[in-house]
Amino acid sequence: MDDTGTAPPLRPLTARSVVLSTLLGHHPPALPARALVRAGALFGTAEGTVRTALTRMVAAGDLEQRDGTYRLTDRLLARQARQDDSRAPRTRAWDGGWEIAVVTTERRAPADRAALRQAMAALRLAELREGCWTRPANLVRDRPAVVAGQCAVFTGEPEDDPARLAATLWDLDGWAARATALEAALRPGSLAEQFTVSAAVLRHLLADPVLPGALLPPGWPGERLREHYEAFDGAFRELLRGHLGV
């Protein structure tokens, strides 16, 4: 619920998103078809619809299937790693420096552009202008090869107010409002309701820019949402495992 007493709008879960959210939240990310069918049943999704989604996800390269067990492919294993990291981001003390990545290759195929954009989003960099990406240098993570292949990377400092720059690069007020609403929604409910809220929180944490405290608006709810979610997640996962029979 938000401060008006209404529940935050949550994205409806398709058969594909139920399967994906179930596997992303499971360690290791591999489950038998019967467990994924039970996950779909939480939302009234027919067994045939879930199995069709599984077949399509294998064909699309999202899943691998062996002996009736479905597991995430490498691409989605990377997403699971980012999701796990978003729950406890690795940060370092900020000295005022900003990462700056500038595209230096003159001609790029559309696929290369898309790969770089995806990599920058995973690194939580924002696009200052076409071909120039930046963020405060307070995160600890490796850069994928696609960044080195297309960009030159520097460290520098803005001459103007860095908090004002951060506010232009990220919708901080919007993220905070959504986080506050999702925090209020982390409460007892049906297993389907808890599943939907859990998936929404994890997507939202992936979108957190994880800025240094000096650049955040007062009352930033990021850490509070993470702490509340960790308390919620243990009980939810236990209930979900019981329902899935795993």
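All of the points below concern the structure found in this document. The structure displayed is predicted, hence computed values, not measured ones. (Residues numbered from 1 in each chain as written. Predicted model: local features only at pLDDT ≥ 70, side-chain atom pairs only at ≥ 80, totals over all residues. Heavy atoms only, no water.)

### Brief notes about the sheet that holds strand S2 (residues 63–66)
Argument step 1. Pairing is antiparallel across the open sheet formed by three strands, whose spatial order is S1-S3-S2. The open sheet is flanked by strand S1 (30–32) and S2, the only strands paired with a single partner. Here the strands of the sheet are splayed against their neighbours by 25° on average, with no regard to which way each runs.
Argument step 2. Of the pairings in the sheet, the one linking S1 to strand S3 (residues 69–72) comprises three bridges and is antiparallel in character. Note on S3: the bridge partner recorded for Ala30 is Arg71.
Argument step 3. Here helix H3 (residues 47–59) sits on the sheet and contacts S2 and S3; the angle it forms with S2, its principal contact strand, is near 110°. (Pairing = 2+ DSSP bridges. Helix = DSSP H or I, 4+ residues; strand = E, 2+ residues; numbered from the N terminus. Axes fitted to C-alpha atoms, helices over the stretch in contact; angles between N-to-C directions. Contact = heavy atoms within 4.5 Å.)

### Here we look at unusual backbone geometry
Argument step 1. Cis geometry marks the peptide bond from His27 to Pro28; its omega dihedral reads -5°.
Argument step 2. Located in the positive-phi region is Asp67, a residue other than glycine, with phi close to 50°.
Argument step 3. You can see Asp67 is positioned in the loop between S2 and S3.
Argument step 4. Located in the positive-phi region is Val210, a residue other than glycine, with phi close to 50°.

### A look at the environment of Val102
Argument step 1. As for its position among the elements, Val102 is in strand S4 (residues 98–103).
Argument step 2. You can call Val102 partly exposed: its relative accessible area is 29%.
Argument step 3. Among all residues touching Val102, those that are not within four sequence positions of it are Gly131, Cys132, Gln150, Cys151, Ala152 and Phe154. (Buried < 20%, exposed > 50% of the residue type's maximum accessible area, 1.4 Å probe, protein only.)

### Brief notes about helix H2 (residues 33–41)
Working note: α-helix, 3.6 residues per turn, so residues spaced by three or four point in the same direction.
Argument step 1. Of all the residues in H2, the buried ones are Ala33, Ala35, Leu36, Val37, Ala39 and Gly40.
Argument step 2. Next to the buried residues of H2 lie helix H1 (15–24), S1, H3, S3 and helix H10 (222–244).

### What to know about the nonpolar core
Argument step 1. Counting residues in hydrophobic clusters, the biggest one holds 47 residues, and the most contacted among them are Val19, Leu54, Leu63, Val201 and Leu225.
Argument step 2. It is helix H9 (residues 191–206) that contributes the most residues to this core, seven residues altogether.
Argument step 3. If sequence neighbours within four positions are ignored, Leu63 has contacts with Val19, Leu23, Leu54, Met57, Val58, Tyr70, Arg71, Leu72 and Thr73.
Argument step 4. Core analysis: the second largest hydrophobic core is formed by 10 residues, Ala101, Leu116, Leu125 and Trp133 among them. (Core = buried A, V, L, I, M, F, W, Y, C linked by side-chain atoms within 4.5 Å.)

### Observations concerning the environment of Leu123
Argument step 1. Tracing the sequence through the fold places Leu123 in the loop between helix H5 (110–122) and strand S5 (126–129).
Argument step 2. By relative accessible area, which is 5% here, Leu123 ends up buried.
Argument step 3. Once the C-alpha coordinates of Leu123 and Val58 are considered, the two residues, 65 residues apart in sequence, prove to be 27 Å apart.
Argument step 4. Residues in contact with Leu123, not counting those within four places in the same chain, are Arg135, Leu139, Arg141, Asp142, Arg143, Pro144 and Val147.

### Here we look at the packing of aromatic side chains
Argument step 1. Taken as a whole and assessed by the stated rule, the structure comprises five aromatic pairs.
Argument step 2. On the numbers, 5.0 Å between centres and 15° between planes, the contact of Trp175 with Trp220 is stacked. On the criterion of sequence distance, the pair formed by Trp175 in helix H8 (residues 172–185) and Trp220 in the loop between H9 and H10 is long-range, its members being 45 residues apart. Judged on exposure class, the residue Trp175 and its partner Trp220 are both buried. (Phe/Tyr/Trp six-rings, centres within 6.5 Å; stacked < 30°, edge-to-face > 60°.)

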